[in-house]
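# Geometric and topological summary
As a plain string of letters, each chain reads:
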Amino acid sequence: MEPFLLHDITDPNFLFGRETLLKNLLIDASLKGNVNIIGARRFGKTCLVKCAQRLIKADNTISAYPVYLDFKSDQIQGTDMSYHYMIAKLVEDLFVDRLFTEPATFGATTICPSDDWSEIAEGLNHIKGPRAAKLLEKFVKFMSKYIEKTIVFIIDEYEYLFKSAFDSTVAFMKIRQLSGDLDTEDGFKFFAFWLVGSTSWDEFCATYPGSGEANTISEKETVKPISMEEFEKMWIHECSLIDSKDIDRITFLKNNWKFAYEKSGGVPCYGKDRIGKYMYKNMELPDYSVLNDLFKELVNKAMSLGEYKVLRQLALQSSKISKSSIALDNLVEKGLVSKKSKDLYDIAIPFLKDFIIANNNDSSSDRQPKSVIEGLMTTIVKQIETINNQRVLQKKEPLFKLVNDASSMEQELRTPCYTSDQFVDFSSALYRYYFERTKDTRGYYLHKKFFSPVEEEGGVFAKCVDLCRHIYGKAHERDEFKQRPGQFSIPDMLIELTGKTNEPYTSDDFLKIQTELLKRFKNELENILKEIRK
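Since the model is a prediction, treat every value here as computed from it, not as a measurement. Each chain has its residues counted from 1, following the order in which its sequence is written. Whole-chain, interface and lining totals are the exception, using all residues; otherwise, since this is a predicted model, local features are given only for residues with pLDDT of at least 70 and side-chain atom pairs are given and counted only at 80 or more. Excluded from the side-chain calculation are hydrogens and water; included are all heavy atoms of the structure.

### Here's the deal with the overall build of the chain
Across its full length, the chain holds 24 helices and nine strands. In terms of overall dimensions, the chain has a C-alpha envelope of 70 × 70 × 50 Å along the principal axes. Here, residues are in contact when the closest pair of their heavy atoms is within 4.5 Å. Residue pairs at least 24 apart in sequence account for 71% of intrachain contacts in the chain once pairs closer than 6 positions are excluded. Every accessible area reported is derived by Shrake-Rupley at a probe size of 1.4 Å, with residue values counting cover from the shown protein chains alone. Summed over all atoms, the accessible surface of the chain reaches about 24,200 Å², with 49% contributed by carbon and sulfur. Distance between charge centroids for the chain: 5 Å, based on 74 positive and 79 negative side chains. The secondary structure listing takes helices from DSSP runs of H or I that are at least 4 residues long and strands from runs of E that are at least 2 residues long, numbered from the N terminus. Positive charges come from Lys and Arg, negative ones from Asp and Glu, while His and the chain ends are left out of the count. The atom standing in for a charge is NZ when the residue is Lys, CZ when it is Arg, CG when it is Asp and CD when it is Glu.

See below:
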């Protein structure tokens, strides 16, 4: 294995500094309660829960069966598809573990075991609405009793489930109800869930109306940076993977492990996967810019405005904060800020502090793209309101239907994109905002002219949005992408948006495409309004 390589860790023997958290999660699994696992982005939550999943499965004294779900990485959209995905992932895991090997029939539906969840989910596409929710309940209860274990769904990036996967927060009611159901004969508990994310549940409920459907959570675990001792063990392990003949490189790395620990604040991804990798390849010490894209992702995607204001105050003004706040408490809890004494605080990651100072001094910092994108979105929201009002005057249904998650989609569109992950969120939100809000109201003529991604005379904007949604997801989606007649190819779209065929790679690349798409969205809405007024 190559040293200082970014990869998912599923073997607890190579997960350093998480022994206490793993023990806690095993206890949580034994108690069969619902758990909230929080931590800042890139702090190692996914590796932690995947290792916990492996330990729970290997421990016969724990009567729980964990199933890892990542709605975001697998690009799940819509309530029905979400239910299909949960069933399919459970079937896949049970089949791989040789616990479900023969087809089973539930009413008119037969579920066939397979090691490919997408194949299983495809076979469930005809099951919609309440039937999909009921099938999930039946299958979970059946398999739980069959294997004599409580099934535990580990939902990674849980914020995405509420904001983007489910059509509304009401869809989570089935999961909540299922976690409270007990067998009336013996009190057996069928199901529990773990919500894994960067936002504490209380904070998420306060900012996302209706999400309190999951208020049955009983335990909370927090993923923080690891200790100096554990970081050193991790570093020594990575150095052991280097060719023993490369003495100069090994010596350089061993002499500078404390630099990596101190500058990263003990965050494994920052210290090992970025700082360590740079040192390994270049035989020199990096500055904060080696983490630039991850810090941009952190402050723009996984942090509230209040939290960023606290970090900025600590970086630029004073380490003394006399009055506590929810934002400050959240930062301390996540390990991004350390408390030195009663009123003295400091940013726990020195490179993050350097990043904030540099961005404050740099005239080309994030403030400019943020203001451009914010301005475009403000115009777009007003344009949609005008279009809907015009339709009402014409005694027609509003073109863009009101939906519960419109504000969360708008937030995704307003967030500057500096990484591929952020662009995946943006393109998904743009697709839903443009296509799904109008699918029942646009009619044949408007569809053909502005919304069809395959009509030769269809709108260029629709073609770009459609293609972004389909290719900037998980790798298997691109592998399976087949261009339909009239649909843009990937080079077509890139030339249209950027003037060249090079795919986005740097943070500037993603930001430029995002800005261009929003400009075109604004222009397309102007054209739609003109057409409606004719």
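### Points about the packing of helix α5 (residues 129-147) against helix α7 (residues 173-180)
Their axes nearest at 11 Å, the elements α5 and α7 cross at an angle of 25°. Classified by the interaxial angle, the pair formed by α5 and α7 is roughly parallel. The way α5 lies across α7 gives a crossing that is right-handed. Residues A133, L136, E137, V140 and K141 of α5 touch α7, and the partners they reach there are K174, I175 and L178. Residues are sorted three ways: Asp, Glu, Lys and Arg are charged, Ala, Val, Leu, Ile, Met, Phe, Trp, Tyr, Cys and Pro are nonpolar, and all the rest, Gly among them, are polar. Here the contact of α5 with α7 is built from residues that sort into five nonpolar, no polar and three charged. Every axis in this analysis is a line fitted to C-alpha atoms, fitted for helices over the stretch in contact. Angles between the N-to-C directions lie between 0 and 180 degrees. Geometric relationships in this document are graded by angle, where less than 35 degrees denotes roughly parallel, more than 145 denotes roughly antiparallel, 65 to 115 denotes roughly perpendicular, and other angles denote oblique. Here a crossing is taken to be left-handed if its near helix is turned anticlockwise relative to the far helix by less than a right angle, and right-handed if that turn runs clockwise.

### Quick word on the pairing of strand β1 (residues 35-39)
Residues in a regular strand project their side chains so that they alternate between the two faces of the sheet. Under the scheme applied here, a residue whose accessible area is under 20% of the maximum for its type counts as buried, over 50% as exposed, and between as partly exposed, the area being computed with a 1.4 Å probe on protein chains only. The buried count for β1 comes to five of five residues, which makes it a mostly enclosed element. Along β1, one buried face is formed by V35, I37 and G39 and the opposite face, lined by N36 and I38, is buried too. Judged from the four bridges that link them, β1 and strand β6 (residues 191-197) form a sheet pairing that is parallel. Directly across from N36, in β6, lies its bridge partner L195. For two strands to be treated as a pair, DSSP must find at least two bridges joining them. Relative to strand β7 (residues 219-223), β1 runs parallel, the two being bridged by five bridges. Considered in β7, the bridge of I37 is made with E221.

### Quick look at unusual backbone geometry
At K32, a position not held by glycine, the phi torsion is positive, near 65°. Tracing the backbone shows K32 in the loop between α1 (19-31) and β1. The phi angle at R98 is positive, at roughly 60°, despite the residue not being glycine. Looking at the secondary structure, you find R98 in the loop between α3 (79-96) and β3 (104-106).

### Focus: the nonpolar core
One finds I37, W194, W235, L253, Y270, L336 and L352 to be the most contacted residues of the largest nonpolar core, which totals 71 residues. Among the elements that make up this core, the one with the highest residue count is helix α2 (residues 45-58) (six residues). Among all residues touching W235, those that are not within four sequence positions of it are F4, L253, K254, W257, A260, G271, K272, G276 and M279. Grouping buried Ala, Val, Leu, Ile, Met, Phe, Trp, Tyr and Cys residues that are joined through side-chain atoms within 4.5 Å yields what is termed a nonpolar core. Residues L136, Y158, F166 and F172 belong to the second largest nonpolar core, which totals 50 residues.

### Some remarks on the confidence of the model for the chain
Averaged over all residues, the pLDDT of the chain equals 88, while 93% of them reach at least 70. Residue range residues 474-479 is modelled with pLDDT below 50. Its contacts to residues more than four positions away, or to other chains, number eleven contacts. The pLDDT value expresses, per residue, how confident the predictor is, ranging between 0 and 100.

### Here's the deal with helix α14 (residues 305-316)
Helix span, expected: 1.5 Å multiplied by one less than the number of residues in the helix. Taking 1.5 Å of rise per residue, the twelve residues of α14 would be expected to cover 16 Å, and the 16 Å separating its terminal C-alpha atoms lies within 8% of that figure. Every buried residue belonging to α14 is among E307, V310, L311, L314 and A315, and all of these are buried. Buried residues of α14 fall within an arc of 130° about the axis and therefore sit on the same side. Facing away from the buried surface of α14 by more than 90 degrees, the exposed residues are L305 and K309. Arc, as used here, means the arc of the directions from the helix axis to the C-beta atoms.

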